[in-house]
Amino acid sequence: MSGIYYICQIFNKLIYFMKLKLSSFALAALASFPVLGANEATVTLLPSEESPIIAKEIYGQFAEHLGTCIYGGLWVGENSPIPNTNGYRTDVLNALKELKIPVLRWPGGCFADEYHWMDGIGPKENRPRMVNTNWGGTVEDNSFGTHDFFNLCEMLGCEPYLSGNVGSGTVEELAKWVEYITAEEGPMANLRRQNGREKPWKLKYLGVGNESWGCGGNFRPEYYADVYRRYQTYCRNFNGNRLYKIASGSSDYDYNWTEVLMKNARNYMDGISLHYYTVTGWSGRKGSAIDFDSEDYYWTLGKCLEVKDVVKRHCDIMDKYDPKKRIGLLVDEWGTWWDEEPGTKSGHLYQQNTMRDAMVAALSLNTFHRFTDRVRMTNIAQIANVLQSMVLTKDDKMVLTPTYYLFKMYVPHQDAKLLPLNVATPMIRARDGRMVPVVDATASVKDGKTTISLVNTDLNETAEITIDLAGISTKNINGEILTSAGINDYNDFGHPETITLKPFAKGWKQSRGKLTVTLPAKSIVTLTLG
């Protein structure tokens, strides 16, 4: 954002407040407005024994049969010339292990409610083909199925999260899928053995339908509540396997859906989902992933931060019916959604990933941390080649996205104790009246180490951040930074390391229990203290 833009904004503010005769409220608001070159902020850490743990599942991923997310992104088959490990891309597999993925959601998304799991088991050459009617009309051969997904989760060391077919599937079909996966004995267990898996897998997370208000069946909430109660009844716990049953929740601002489900089905669920995308709208163009200006950038961050109010309102409804917070809120689809890249296949949702997307990821995760008493899981959409992905692949090449590096930077927050904090920061006014903080922060403690993540959203100015450490040890400080020369920068197959993590070694100083950090423009920094 240019200096002229700031001056114009300040001038407009002055006129506005003069009309208000400079009331005390106006003066306070004016004082909070950023002045060029004066981005000073304070972060006060507030250690508390009562703080909750940041569930590692907040760093969950999502893999849908959509575009080249599965085929070409995760899976190429054992006979592929692309280096693979039992059919899984070796480069992608190794990259994902670095993120310590806690949970992976599959097979959708909208695809889940048209997926019939028995088409994806048995000899691959005998599996029927299907048309992916939701995403581009692609014909799939079902070579990636239940065994392939669960084996992938074992290789990554993560929990599987199944989205069950309610829209076009039967109660019996879903019940038998659970039995096939988790039972020791019986006809489904025998079928699993015939297909090469002797021992059952563990399955914790089971979604009963997906977006049942839309592509998952266009249900009314009252009807879906009854359908959910019915389907979940027949999904049994076999051999000590305990299912965590998740109701298909609402899309962003549909608070009535949550109200009806909590009222009518809360005793039968362990969690309820919520979807929230940083998107300009669902009709027409959504904007380019790489061709945008500063106004678009700040609007995007403002839209992203709106998730705070959305989550809070859903939590307030849940608190009414579940004051002890037994039921988790799972934001199992979130992230940026831009126009597909020119020249790519329609319906495959392939988009590039810039430093702007990393900013959205940081601000979103910081927000989810603040609600970790109720938000038990989130799943960014999606893991490869679709929307705000971790990796992009083309033939035998792979690049890591800025969002990948942000997730890697934030690994220390997984299963760490939340360290509450207050942030006093200037604000930037974005289009449509949205306000964006210049500085945002989150902090946690684990294994005797404190991790503080700081974000400077300003495109041009550094931020001077004073951190009141509240007695926390600073004998050793290590830092990493994620930034780029331009907010539109991205990694591609010809330039795979335009944006990557780098050491942040000289950007701070200590004095009298406080840490002063100089954060470059448009940057994210994580400091580890211990």
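Residues numbered from 1 in each chain as written. Predicted model: local features only at pLDDT ≥ 70, side-chain atom pairs only at ≥ 80, totals over all residues. Heavy atoms only, no water.

### Describing the overall build of the chain
Okay, so step 1: Along its length, the chain carries 12 helices and 27 strands.
Okay, so step 2: Compactness check: the chain gives a C-alpha radius of gyration of 24 Å against a globular reference of 24 Å for 530 residues, within 12% of the reference.
Okay, so step 3: Along the first, second and third principal axes, the C-alpha set of the chain runs to 75 × 55 × 50 Å.
Okay, so step 4: Buried residues in the chain amount to 58% of all 530 residues.
Okay, so step 5: Pairs at least 24 residues apart make up 76% of the contacts formed inside the chain by residues separated by at least 6 positions.
Okay, so step 6: Taken together, the 57 basic and 60 acidic charged side chains of the chain have centroids lying 5 Å from each other. (Helix = DSSP H or I, 4+ residues; strand = E, 2+ residues; numbered from the N terminus. Rg over C-alpha atoms; globule rule 2.2 N^0.38 Å. Buried < 20%, exposed > 50% of the residue type's maximum accessible area, 1.4 Å probe, protein only. Contact = heavy atoms within 4.5 Å. Lys, Arg positive; Asp, Glu negative; His and termini not counted. Charge placed at Lys NZ, Arg CZ, Asp CG, Glu CD.)

### Points about the side chain of threonine 146
Okay, so step 1: Relative to the helices and strands, threonine 146 is located in helix α4 (residues 146–156).
Okay, so step 2: Within the structure, the side chain of threonine 146 is placed 3.0 Å from the side chain of tryptophan 177, a separation counted as a polar contact. (Polar contact = N/O pair within 3.5 Å; in protein donor to acceptor, adjacent residues only side chain to side chain.)

### Let's talk about the pattern of salt bridges
Between side chains of opposite charge, a pair can form as their charged atoms come close.
Okay, so step 1: Scanning all chains against the criterion turns up 24 salt bridges.
Okay, so step 2: Aspartate 319 serves as the salt-bridge partner of lysine 325, at 2.9 Å between the closest nitrogen and oxygen.
Okay, so step 3: Relative accessible area serves as the criterion here: at 24%, lysine 325 is assigned to the partly exposed category.
Okay, so step 4: For aspartate 319, a relative accessible area of 25% puts it in the partly exposed group.
Okay, so step 5: Taking the shortest distance from any N to any O, the salt bridge between aspartate 319 and arginine 374 comes out at 2.6 Å. In this pair, aspartate 319 is assigned in helix α10 (residues 307–321) and arginine 374 in the loop between α11 (355–370) and β13 (375–381), connecting sequence segments 55 residues apart.
Okay, so step 6: Connected through shared salt-bridge partners, Asp319, Asp322, Lys325, Asp373 and Arg374 make up one network. (Salt bridge = Lys/Arg side-chain N within 4 Å of Asp/Glu carboxyl O.)

### Things to note about the packing of helix α9 (residues 294–305) against α10
Okay, so step 1: The interhelical angle for the contact between α9 and α10, taken along N-to-C directions, is 10 degrees, at an axis separation of 5 Å. When the axis of α9 is compared with that of α10, the two are roughly parallel. For the pair formed by α9 and α10, the contact residues are Lys303, Cys304 and Leu305 on the first element and Val307, Lys308 and Asp309 on the second.
Okay, so step 2: In terms of residue class, the contact of α9 with α10 is made up of 3 nonpolar, no polar and 3 charged. (Axes fitted to C-alpha atoms, helices over the stretch in contact; angles between N-to-C directions. Parallel < 35°, antiparallel > 145°, perpendicular 65-115°, else oblique. Nonpolar A, V, L, I, M, F, W, Y, C, P; charged D, E, K, R; others polar.)

### Brief notes about the environment of glycine 214
Okay, so step 1: When you line up the elements, glycine 214 lands in the loop between β9 (205–208) and α7 (221–233).
Okay, so step 2: Through-space distance from the C-alpha of glycine 214 to that of serine 251 is 9.3 Å; in sequence the pair is 37 residues apart.

### Side note on the sheet that holds strand β2 (residues 60–62)
Okay, so step 1: Taken in spatial order, the 8 strands close into a barrel running β2-β5-β8-β9-β10-β11-β12-β13, and their pairing is parallel. Adjacent strand axes in the sheet meet at a mean angle of 30 degrees, parallel and antiparallel pairs treated alike.
Okay, so step 2: Examined bridge by bridge, β9 and strand β10 (residues 244–251) share 4 bridges and lie parallel to one another. Among the inter-strand pairings, leucine 206 is bridged to a residue of β10, identified as lysine 245.
Okay, so step 3: Here α7 sits on the sheet and contacts β9 and β10; the angle it forms with β10, its principal contact strand, is near 160 degrees. (Pairing = 2+ DSSP bridges.)

### A closer look at the state of the cysteines
Okay, so step 1: Enumeration over the complete set of coordinates arrives at 1 disulfide.
Okay, so step 2: With its sulfur 2.2 Å from that of its partner, cysteine 110 forms a disulfide with cysteine 215. Because the sign of the S-S torsion sets the handedness, a value of about -90 degrees for the bond joining cysteine 110 and cysteine 215 places this disulfide among the left-handed ones. Pair noted here: cysteine 110 is in the loop between β5 (103–106) and β6 (130–132) and cysteine 215 is in the loop between β9 and α7, with a separation of 105 residues, a long-range link.
Okay, so step 3: Cysteine 158 carries a free sulfur, and the closest cysteine sulfur to it, the one in cysteine 153, is 3.9 Å from it.
Okay, so step 4: Cysteine 304 forms no disulfide, and the closest cysteine sulfur to it belongs to cysteine 315, at a distance of 16 Å.
Okay, so step 5: Residue cysteine 304 is classed as buried on the basis of its relative accessible area, which comes to 1%. (Disulfide = S-S within 2.5 Å.)

### Comments concerning the packing of aromatic side chains
Describing an aromatic ring pair means giving the distance of the ring centres and the angle of the ring planes.
Okay, so step 1: Counted under the stated rule, the structure contains 28 aromatic pairs.
Okay, so step 2: With centroids separated by 6.0 Å and ring planes inclined at 85 degrees, the aromatic side chains of tyrosine 277 and tryptophan 282 adopt a geometry described as edge-to-face.
Okay, so step 3: For tyrosine 277, a relative accessible area of 6% translates into the label buried.
Okay, so step 4: Ring geometry for tyrosine 404 and tyrosine 405: centres 5.5 Å apart, planes at 85 degrees, overall edge-to-face. Neither residue differs from the other here; tyrosine 404 and tyrosine 405 are each classed as buried.
Okay, so step 5: Here a set of aromatic residues connected by ring pairs shows up, and it is made of Trp75, Tyr88, Trp106, Phe111, Tyr115, Trp117, Phe144, Phe149, Phe150, Trp177, Tyr180 and Trp201.
Okay, so step 6: The cationic tip of arginine 356 hangs over the ring face of phenylalanine 292; the distance from NZ or CZ to the ring centre is 3.6 Å.
Okay, so step 7: Positioned over the ring face of tryptophan 338 is arginine 356, at 3.7 Å from the centre of the ring. (Phe/Tyr/Trp six-rings, centres within 6.5 Å; stacked < 30°, edge-to-face > 60°. Lys NZ or Arg CZ within 6 Å of the ring centre and 35° of its normal.)

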